[in-house]
Amino acid sequence: MSNNAISRKTSGVDKALRVALYTVLLVAAAFYLIPFIVMLITSLKDVEEIRTGNLLSLPAALNFDSWAKAWSSACTGSSCGGISPYFMNSFQIVLPAVAISTLVGAINGYVISLWKFRGSDLFFAAMLVGCFIPFQVILLPMAQTLGWLGIANTTSGLVFVHVVYGVAFTTLFFRNFYQSIPGELVKAARLDGAGFFTIFYRIILPVSTPIIVVTVIWQFTQIWNDFLFGVAFSGFDTQPVTVALNNLVNTSFGGKEYNVDMAAAIIAALPTLAVYVFAGKYFVRGLTAGAVKG
Amino acid sequence: MNTKAANSGSGQTQSGRPARLSLADWMPKIVMAPTVLVTLVCIYGYMIWTAVLSFTGSRMLPSYNFVGFEQYERLFNNERWMVALSNLGIFGGLFIFICLFLGVTLAIFLDQKIRAEGAIRTIYLYPMAISFIVTGTAWKWLLNPTNGLEKMMVDFGFVNFKFDWLINPDMVVYCLVIAAVWQASGFVMALFLAGLRGVDGDLIKAAHLDGASTFTTYRRIILPSLKPVFFSALVVLSHIAIKSFDLVAALTNGGPGYASDLPANFMYTYTFTRSQIGLGSASAMVMLGCVLAILVPYLYSELRGKRHE
């Protein structure tokens, strides 16, 4: 711990420094908070108030009309049913993709750290590179493949894509976590007659809860927030919410309704924000693990 | 199946060397096989596929009439691509620099026994949880020249305040920087804060006993020891910059004209909406080259570093 700021004598200079310190921190906090506050205020105003007021002027009364419109009747390009169907699409894509990629990652990590075989380390390195390639490189071949497999423009197609390109990360998470489990534990269990899956199920899985939480949160956030795969591989009625939001904002018949745009944006952000608020610790752990160990 | 695998597995361990390869020996390889297959095909295979396409004259559909480096020549003679590349330079450079600066500063400030540190940290980091599409939508509204920031400042009494960057081709790329910094700088702060908390406390105490000021301690001891954090942050940020696609799509849609295009948007437009698959593939390969140019030295030094330990 670096607690250099503790000074025994609180001279005037120190006090001034302390005030400056807090000022900077609070200004920064305002910088991060204000955009969201403006979004919220804007979503509660009507069009007239937006036209006459400014970003920070408060609405005369709380008006949830634009939320209702964003949810169920705003136009998103091809249809005018709000973003609710696409919100559901996102869940239909995210839930199976998260479950499958986490499970596969857990088993891969288990093999790579505790059942090494010739070439498994090399393969892991090859996979790590896969975490970092710009996905533009695989976009077109993947579009062709999805066509051949008959799952182009479907929810299953998107689940497939997210699993394929998510497994590298989930494997990385589990592998780093399982590295700390002593290999003797597995050897002893094998001597006792336990097999590959028995050891995984009875010994490894019960201690894996923290890393499962980190991985699930990471994957949930990544896949929910994805736009590239969504826009490239989804059909009109399988679009995820990010794509629908972008369509909603960029299609304007008649006047621009910023209040509806903002309400839709907040709705699209709510699931991942909720995850962040309720499991922030694990979210941060995933971020730093992905960055530092990658 | 489980029990059978278990029995033969233990038989193998007791005898030391397997008489024949049993199911248990194959099990790790069998469960890894799908991942291996998918990685080889969907990452490396597709990479090669795109590379091959970049040497063909493919337009609306992939075709395999090879034209050598023609597409790369066309690419670098394409004004829109050159704009996208220089935008990436400006955007990437500023985005990385400001994020690192803000990240380090805020992390150091937060590490001074601040009251309500947890709450402040939470506020700094929440943008990282939301999609770039949401970020783009929000900033599109904040920065819009009629009702946004400009109007607010005029209302506050700055009558001559002008802010039209979003529709100004020369300035629009800085709007991307603002929004991207808003989203990612808190994350850099979190990385550095974690690094600061890992610095050896005895080292700092010793420096203080030697009479070093707080400033000197940071400059000479603490910051140099954060070099690895600095490099990971650099790699992650440049990676975000090169891959940036959704932010542009939501904030400016590449406009005005194509003044705020980034390579990822160029690639998407030419491949999927302009039926120039060959050219699009060539641009994707250049992007891959940029990422590898950053990644390979990093991984190399990481792996070498580990071997030295």
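Rules used throughout
- Residues numbered from 1 in each chain as written.
- Chains lettered and ligands numbered in written order.
- Predicted model: local features only at pLDDT ≥ 70, side-chain atom pairs only at ≥ 80, totals over all residues.
- Helix = DSSP H or I, 4+ residues; strand = E, 2+ residues; numbered from the N terminus.
- Rg over C-alpha atoms; globule rule 2.2 N^0.38 Å.
- Buried ≥ 20, exposed ≤ 12 C-beta atoms within 10 Å, placed from the backbone.
- Domains from an automatic or database assignment.
- Contact = placed C-beta atoms within 7 Å.
- Nonpolar A, V, L, I, M, F, W, Y, C, P; charged D, E, K, R; others polar.
- Expected span 1.5 Å × (residues − 1).
- Core = buried A, V, L, I, M, F, W, Y, C linked by C-beta atoms within 7 Å.
- Axes fitted to C-alpha atoms, helices over the stretch in contact; angles between N-to-C directions.
- Parallel < 35°, antiparallel > 145°, perpendicular 65-115°, else oblique.
- Left-handed = near helix turned anticlockwise from the far one by under 90°.

Draft legend 1. Geometry of the overall build of chain B. Of regular secondary structure, chain B possesses 14 helices and zero strands. Seen in sequence order, chain B has helices and strands lined up from the N terminus as α-α-α-α-α-α-α-α-α-α-α-α-α-α. Against the 2.2 N^0.38 benchmark of 19 Å for 309 residues, chain B shows a C-alpha radius of gyration of 26 Å, more extended than a compact globule. Seen through its C-alpha atoms, chain B measures out along the principal axes to roughly 90 × 70 × 35 Å. Per-residue burial for chain B yields a buried fraction of 45% across its 309 residues.

Draft legend 2. Inspection of the domain arrangement of chain B at higher detail. When the domains of chain B are assigned, the result is domain 1 (2-53) and domain 2 (78-308). Centre-to-centre separation of domain 1 of chain B and domain 2 of chain B, based on C-alpha positions: 40 Å.

Draft legend 3. Structural context of the interface of chain B and chain A. Counting residues at the interface gives 91 residues for chain B and 78 residues for chain A. When residues in the side of chain B that touches chain A are grouped by element, the largest group, 17 residues, is from helix α2 (residues 23-53) of chain B. Across the side of chain B that touches chain A, the residue classes break down as 60 nonpolar, 23 polar and eight charged.

Draft legend 4. A look at helix α10 (residues 209-225) of chain A. If you check α10 of chain A, its first and last C-alpha atoms are 24 Å apart, about what 17 residues at 1.5 Å a residue would give, namely 24 Å. Of all the residues in α10 of chain A, the buried ones are Ile211, Val214, Thr215, Ile217, Trp218, Gln219, Phe220, Thr221, Gln222, Ile223, Trp224 and Asn225 of chain A.

Draft legend 5. Seen up close, the nonpolar core. Core analysis: the largest hydrophobic core is formed by 179 residues, its most contacted members being Ile83, Tyr110, Leu245, Ala264 and Ala265 of chain A together with Leu176 of chain B. Broken down by element, this core gets its largest block of residues, 17 residues, from helix α8 (residues 172-197) of chain B.

Draft legend 6. Layout of the domain arrangement of chain A. All names here are of chain A. Domain boundaries in chain A define domain 1 (12-63) and domain 2 (84-292). Averaged C-alpha coordinates put domain 1 and domain 2 at centres separated by 34 Å. Listed as interface residues are eight residues of domain 1 and, on the opposing side, eight residues of domain 2. If one sorts the elements of the side of domain 1 that touches domain 2 by residue count, helix α1 (residues 12-43) sits on top with four residues. The class makeup of the residues in the side of domain 1 that touches domain 2 is four nonpolar, two polar and two charged.

Draft legend 7. Broad picture of the environment of Ile167 of chain B. Residue and element names in this part refer to chain B. Structurally, Ile167 is set in the loop between α7 (149-155) and α8. Its 16 C-beta neighbours within 10 Å are what place Ile167 among the partly exposed residues. When the C-alpha positions of Ile167 and Trp139 are compared, they lie 13 Å apart, and in sequence the two are 28 residues distant. Sequence-distant contacts of Ile167, that is, excluding residues within four places in its chain, are made with Pro145 and Pro256.

Draft legend 8. Geometry of unusual backbone geometry. All names here are of chain B. One non-glycine residue, Lys113, lies in positive phi territory at about 55°. Structurally, Lys113 can be placed in the loop between α4 (79-110) and α5 (117-125). Classification of Lys113 as exposed rests on a count of 12 C-beta atoms within 10 Å. Within the chain, Ala116 stands out as a residue other than glycine whose phi angle is a positive 60°. Summarising the element assignment, Ala116 is placed in the loop between α4 and α5. Judged by local crowding, Ala116 falls into the exposed class, with 11 C-beta atoms found within 10 Å.

Draft legend 9. Structural detail: the packing of helix α6 (residues 132-142) of chain B against α8 of chain B. Residue and element names in this part refer to chain B. Where α6 contacts α8, the two axes come as close as 10 Å, and the packing angle between them is 125°. The angle between α6 and α8 falls in the class oblique. Judged by the sense of rotation from one axis to the other, the crossing of α6 with α8 is right-handed. Where α6 abuts α8, its residues Phe132, Thr135, Gly136 and Trp139 lie against Cys175, Ile178, Ala179, Trp182 and Gln183.

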